[in-house]
Protein chains: 2
Amino acid sequence: MATRTDAPTRREQILKEAARLFAERGFHGVGVDEIGAAVGISGPGLYRHFAGKDAMLAELLVGISGQLLTGAKRRLAEADGVPPEAVLDSLIEGHIDFALDDRPLITLHDRELDRLRDSDRKLVRQLQRQYVELWVEIVREVYPELTEPTARSAVHSVFGLLNSTPHLGRPGSLPGRGVTAQLLHRMARGAFGAAGVE
Amino acid sequence: MATRTDAPTRREQILKEAARLFAERGFHGVGVDEIGAAVGISGPGLYRHFAGKDAMLAELLVGISGQLLTGAKRRLAEADGVPPEAVLDSLIEGHIDFALDDRPLITLHDRELDRLRDSDRKLVRQLQRQYVELWVEIVREVYPELTEPTARSAVHSVFGLLNSTPHLGRPGSLPGRGVTAQLLHRMARGAFGAAGVE
DNA sequence: CAGGGAGGTTAGCGGTCGTTAACCTGAAGG
DNA sequence: CCTTCAGGTTAACGACCGCTAACCTCCCTG
């Protein structure tokens, strides 16, 4: 896989700053002038790169959902002959990496979905649903005692747990990335394990 | 305890509808005319009851944090001689009740805090901090192997888990309130239990 | 029965915001 | 050297939105 070493394009700069600002103050709370200023150009200059403010949010949210789903699919594909426990661990790890590395995106992900045009929102929801179903399948292999609806609820709840990283204080105050990742991982496993004891 | 049977005041109607609308479309995404329409009056009519749109959000958020903290304090006060496990269960139960009964408020709670005036935001954060500290204390009694920072992270994560109810589909699609509450409770306990195995 | 406050109404002001229009500039290509 | 075009700029428009002003109408009370 060719890791990119080239400088980020202007488009990518804009998306990154827009994500940060949207996460901080909400989609409606940020003006295009602000986004422009964050990358060193003025508001209307953004329209050389995006059709409008909505388009930025759409691209961000579709990108997030797609990235999560693609990553999960890749992990599943690589898991031939691997015990389901290890596959679940891999899914959890992937989600945690994303939550820790792209905190603004995780925040947007479940906060601004309703601001999208109908078609975009449907697409995002479809990607999210596929991602969830993928988890549900593996979770039920590891914890066969879980019914399907219970497993789905449990998956959503664990997402809530893993996505709580934005609330864990600013990056500096955390006890270290690796430690936090391991804590979240253990807790997710513990939560799944406890979901089915009835 | 005198349960109120009297009709809700106009003020309370407004707050309830405002909470729902803010949760659905975000603070900036809702106009005062809409809030007014939701209770059968026109936009500017709201100013007979509130100083402004900001004041509604402030009252909602302060109310939420206060209610959570007050409930938790009451539960602690009632727990004289009760084993810490039971106290923790009581805290979890209280939080779940709130999350399931007032889903719009839970959504607002960690989504629109930054839209508040400085003084209000400080107050809310202070109430939230007290609530967290209260949990941390009990959690460490039940799970003494947890260090203090770990326990605090764990508490935040469990809040993420418990507050995930808004993502569990519309009220009808849930497997029943009691069942959901029990599932969340078990998972929260499981998550705490797994937090400290190192 | 006067009057006054509580709780509405509509009209409209002022500011903000997304977007477009019109123009400029520097670098690449024939 | 002229053209083209990507990627900027500023000015300005139109819509929307929070809020105030001015007014109206019950209902309660002395």
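Residues numbered from 1 in each chain as written. Chains lettered and ligands numbered in written order. Predicted model: local features only at pLDDT ≥ 70, side-chain atom pairs only at ≥ 80, totals over all residues. Heavy atoms only, no water.

Some remarks on the protein's contact with DNA strand C
The following threshold applies: Near residues are defined by distance, with any heavy atom within 4 Å of the molecule or strand qualifying the residue. Any pair of N or O atoms that falls within 3.5 Å is considered a polar contact. Within protein, one atom must be able to donate a hydrogen and the other to accept it, and sequence-neighbouring residues count only if both atoms are side-chain atoms. Note on residue categories: nonpolar means Ala, Val, Leu, Ile, Met, Phe, Trp, Tyr, Cys or Pro, charged means Asp, Glu, Lys or Arg, and polar means any other residue, Gly included.
Close to DNA strand C lie 15 residues, the nearest being Tyr47(A), Lys53(A), Arg10(B), Arg48(B) and His49(B). Near-protein atoms of DNA strand C (within 4 Å) split between backbone and bases, with sugar and phosphate holding 55%. The side chain of Tyr47(A) places a nitrogen or oxygen atom 2.3 Å from a phosphate oxygen of DNA strand C. Arg10(B) has a polar side-chain atom sitting 2.7 Å from a phosphate oxygen of DNA strand C. Among the residues forming the surface near DNA strand C, the class breakdown is 6 nonpolar, 5 polar and 4 charged.

Examining the relation of the copies chain A and chain B
So the rule is basically this: Least squares is used to superpose the copies, and the fit set is the C-alpha atoms of residues whose pLDDT is at least 70 in both copies. Working rule for contacts: check all heavy atoms of both residues, and any pair within 4.5 Å makes them a contact.
Note on the identical chains: chain A maps onto chain B by a rotation of 180 degrees and an axial translation of 0.0 Å, with an RMSD of 0.0 Å. Viewed as a symmetry operation, the transformation between the two copies matches a two-fold axis. Take the interface residues of chain A: 97% of them recur as interface residues in chain B, which is what a same-surface contact looks like.

A closer look at the UniProt feature "DNA-binding region" (unreviewed entry) in chain A
How we decide: UniProt positions are given in the numbering used here, feature names are shortened, and annotations may be inferred rather than shown by experiment. Helix and strand assignments follow DSSP, with helices taken as H or I runs no shorter than four residues and strands as E runs no shorter than two, numbered in order from the N terminus.
As annotated in UniProt, the feature "DNA-binding region" (unreviewed entry) corresponds to residues 31-50 of chain A in the numbering used here. Secondary structure across residues 31-50 of chain A divides into 35% helix and 0% strand, with the first and last C-alpha atoms of the span separated by 14 Å.

Overview of the protein's contact with DNA strand D
With respect to spatial proximity, 15 residues lie near DNA strand D, and among them Arg10(A), Arg48(A), His49(A), Tyr47(B) and Lys53(B) are the closest. Within 4 Å of the protein, atoms of DNA strand D come from sugar and phosphate in 57% of cases. Arg48(A) is positioned such that a nitrogen or oxygen atom in its side chain is 2.2 Å from a base oxygen of DNA strand D. Taking Lys53(B), its side chain carries an N or O atom lying 2.6 Å from a phosphate oxygen of DNA strand D. Looking at the surface near DNA strand D, its residues break down into 6 nonpolar, 5 polar and 4 charged.

A word on the pattern of salt bridges
Close approach of charged atoms lets side chains of opposite charge pair. Selection criterion: Salt bridge, as used here: a side-chain nitrogen of Lys or Arg that lies within 4 Å of a carboxyl oxygen of Asp or Glu.
Inspection of the entire model under this criterion finds 28 salt bridges over all chains. Here Asp118(A) ties to Arg121(A) by a salt bridge, and the two come within 2.7 Å at their closest N and O atoms. Taken as a pair, Asp118(A) and Arg121(A) lie in helix α6 (residues 118-142) at a separation of 3 residues, close to a single helical turn. Between Arg11(B) and Glu59(B) there is a salt bridge whose closest N-O contact spans 2.7 Å. With Arg11(B) in helix α1 (residues 10-25) and Glu59(B) in helix α3 (residues 53-77), this pair connects stretches of sequence that are 48 residues apart.

Observations concerning the packing of aromatic side chains
Residue and element names in this part refer to chain A. Stated formally: Put simply, two rings from Phe, Tyr or Trp (the six-membered ring, in Trp's case) pair if the centres are within 6.5 Å, and we call them stacked under 30 degrees between planes, edge-to-face over 60, tilted for the rest. Relative accessibility under 20% of the residue-type maximum defines a buried residue, over 50% an exposed one, and the middle range a partly exposed one, all with a 1.4 Å probe and only protein chains included. Any Lys NZ or Arg CZ that is within 6 Å of a ring centre and within 35 degrees of that ring's normal is treated as a charge sitting over the ring.
Evaluated as defined, the whole model comprises 12 aromatic pairs over all chains. Geometrically, the ring pair formed by Trp-135 and Phe-192 is tilted, given 6.4 Å between the ring centres and 40 degrees between the ring planes. Note that Trp-135 is positioned in helix α6 and Phe-192 in helix α8 (residues 177-195), a separation of 57 residues in sequence. Accessibility classification places Trp-135 together with Phe-192 in one group, the buried group. An aromatic cluster of at least three residues, connected via ring pairs, comprises Tyr-131, Trp-135, Tyr-143, Phe-159 and Phe-192. The residue whose ring lies beneath Lys-53 is Phe-27, and the NZ or CZ to ring-centre distance is 4.4 Å.

Here we look at the packing of α8(A) against helix α7 (residues 148-162) of chain B
Note the following rule: Only the stretch in contact is used when fitting a helix axis, every axis being a line fitted to C-alpha atoms; angles between N-to-C directions are given from 0 to 180 degrees. Roughly parallel here means an angle under 35 degrees, roughly antiparallel means over 145, roughly perpendicular means 65 to 115, and every remaining angle is called oblique. Whether a crossing is left-handed or right-handed is set by the direction in which the near helix is turned from the far one by less than a right angle, anticlockwise for left-handed and clockwise for right-handed.
In contact at an axis separation of 11 Å, α8(A) and α7(B) are set at 50 degrees when each is read in the N-to-C sense. Put simply, α8(A) runs oblique to α7(B). As for the relative orientation of α8(A) and α7(B), their crossing is right-handed in sense. Residues Leu183(A), Leu184(A), Met187(A) and Ala191(A) of α8(A) form the contact with α7(B), whose participating residues are Thr150(B), Ser153(B), Ala154(B), Ser157(B), Val158(B) and Leu161(B). Partitioned by chemical class, the residues of the contact of α8(A) with α7(B) number 7 nonpolar, 3 polar and no charged.

With respect to helix α4 (residues 84-101) of chain B
We apply this condition: Multiply 1.5 Å by the residue count of a helix minus one, and that product is the helix's expected span.
Between its first and last C-alpha atoms α4(B) spans 26 Å; for 18 residues at 1.5 Å apiece the expected length is 26 Å, and the two agree. Buried residues along α4(B) sit against α3, α5 (103-109), α6 (118-142), α7 and α8 (177-195) of chain B.

Structural notes on the interface of chain A and chain B
The criterion, for reference: The term buried area refers to how much accessible surface (probe radius 1.4 Å) is lost by two components on association, counted for both of them together.
Listed by partner, the interface residues are 32 residues for chain A and 31 residues for chain B. In total, chain A and chain B occlude about 2700 Å² of area from one another, counting both sides; carbon and sulfur atoms represent 62% of this. Three residues, Arg111(A), Arg186(A) and Met187(A), lead the burial of chain A against chain B; their summed loss comes to 21% of the area buried on that side. At the junction of chain A and chain B, the tally comes to 0 salt bridges. Our count for the contact surface shared by chain A and chain B stands at 9 residue pairs in polar contact (both at pLDDT 80 or more). For the side of chain A that touches chain B, the elements supplying multiple residues, two or more each, are α1 (10-25), α7 (148-162) and α8 of chain A. At 9 residues, α8(A) tops the list of elements feeding residues into the side of chain A that touches chain B.

A short note on the side chain of Arg111(B)
Going by this rule: This count recognises Lys and Arg as positive and Asp and Glu as negative, with His and chain-terminal groups excluded.
With respect to the element layout, Arg111(B) can be found in the loop between α5 and α6. Buried and unpaired, Arg111(B) has Asp110(A) as its nearest opposite-charge partner, separated by 4.7 Å. Each residue touching Arg111(B), except ones within four places of it in the same chain, is listed here: Asp110(A), Arg111(A), Ala23(B) and His167(B).

Brief notes about the nonpolar core
Basically, it comes down to this: Here, nonpolar core means buried Ala, Val, Leu, Ile, Met, Phe, Trp, Tyr and Cys residues that are tied together by side-chain atoms lying within 4.5 Å of each other.
Residues Trp135(A) and Trp135(B) are the most contacted members of the largest nonpolar core, which totals 124 residues. Once you skip the residues sitting within four places of it in the chain, Trp135(B) turns out to touch Leu88(B), Leu91(B), Ile92(B), His95(B), Val155(B), Phe159(B), Leu162(B) and Phe192(B).

Thoughts on the UniProt feature "domain: HTH tetR-type" (unreviewed entry) in chain A
When the UniProt feature table is mapped onto this chain numbering, "domain: HTH tetR-type" (unreviewed entry) sits at residues 8-68 of chain A. Note that residues 8-68 of chain A is 64% helix and 0% strand, and that its end C-alpha atoms are spaced 21 Å apart.

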